[in-house]
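If you want the building blocks of each chain, they are given just below.
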Amino acid sequence: MLVFFAWFILVLFLLLGMVGIFLPAFPGIVLIFGGAIIHKLLMPQYLSWWTILVLGLGVLTTFGLDMLGSAVGARWGGASKYGMI
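Residues numbered from 1 in each chain as written. Predicted model: local features only at pLDDT ≥ 70, side-chain atom pairs only at ≥ 80, totals over all residues. Heavy atoms only, no water.

**Q** In this structure, what is going on with the packing of helix 2 (residues 28–42) against helix 3 (residues 49–76)? I would like to understand it.
**A** Any two packed helices are characterised by the angle at which their axes cross and by the distance between the axes. Where helix 2 meets helix 3, the axes come as close as 10 Å, and the angle between the chain directions of the two elements is 165°. Taken together, the axes of helix 2 and helix 3 lie roughly antiparallel to each other. Two packed elements cross with a definite hand, and for helix 2 against helix 3 that hand is left-handed. Contacts from Ile29, Val30, Phe33, Ala36, Ile37, Lys40 and Leu41 of helix 2 reach helix 3 at Trp49, Ile52, Leu55, Gly56, Val59, Thr62 and Phe63. Counted by class, the contact of helix 2 with helix 3 contains eleven nonpolar, two polar and one charged residues. (Axes fitted to C-alpha atoms, helices over the stretch in contact; angles between N-to-C directions. Helix = DSSP H or I, 4+ residues; strand = E, 2+ residues; numbered from the N terminus. Parallel < 35°, antiparallel > 145°, perpendicular 65-115°, else oblique. Left-handed = near helix turned anticlockwise from the far one by under 90°. Contact = heavy atoms within 4.5 Å. Nonpolar A, V, L, I, M, F, W, Y, C, P; charged D, E, K, R; others polar.)

Encoded structure:
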């Protein structure tokens, strides 16, 4: 039963995360990462901590690039330094 629940949660979070990629108000990348962490905690034999670390670095990289893109877009739109921050 735990195996079914763990896989169900993972698939649910992945599908919600995929929806979040296309809908800006939905935190897609966070849901995908959260699903992976829950799956790791419920079934530790399937995912290694290295996989979780790489996914976490991917999440941080995504947030960093999103902030950088917002700052560059604001600058191209004529914003000041304070507006970019």
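Having seen it, we continue.
**Q** What's the story with helix 2 in this structure? I'm lost.
**A** Note on helix geometry: an α-helix contains 3.6 residues per turn, so any two residues three or four positions apart are oriented the same way. Its 15 residues give helix 2 an end-to-end C-alpha distance of 21 Å, which sits within 8% of 21 Å, the value for a rise of 1.5 Å per residue. If you follow the buried residues of helix 2, they end up packed against helix 1 (2–22) and helix 3. (Expected span 1.5 Å × (residues − 1).)

**Q** I tried to follow the environment of Leu65 on my own but got confused; where do I start?
**A** Inspection of the secondary structure assignment puts Leu65 in helix 3. Since its relative accessible area comes to 54%, Leu65 is described here as exposed. Here the alpha-carbon distance between Leu65 and His39, two residues 26 residues apart in the chain, equals 27 Å. (Buried < 20%, exposed > 50% of the residue type's maximum accessible area, 1.4 Å probe, protein only.)

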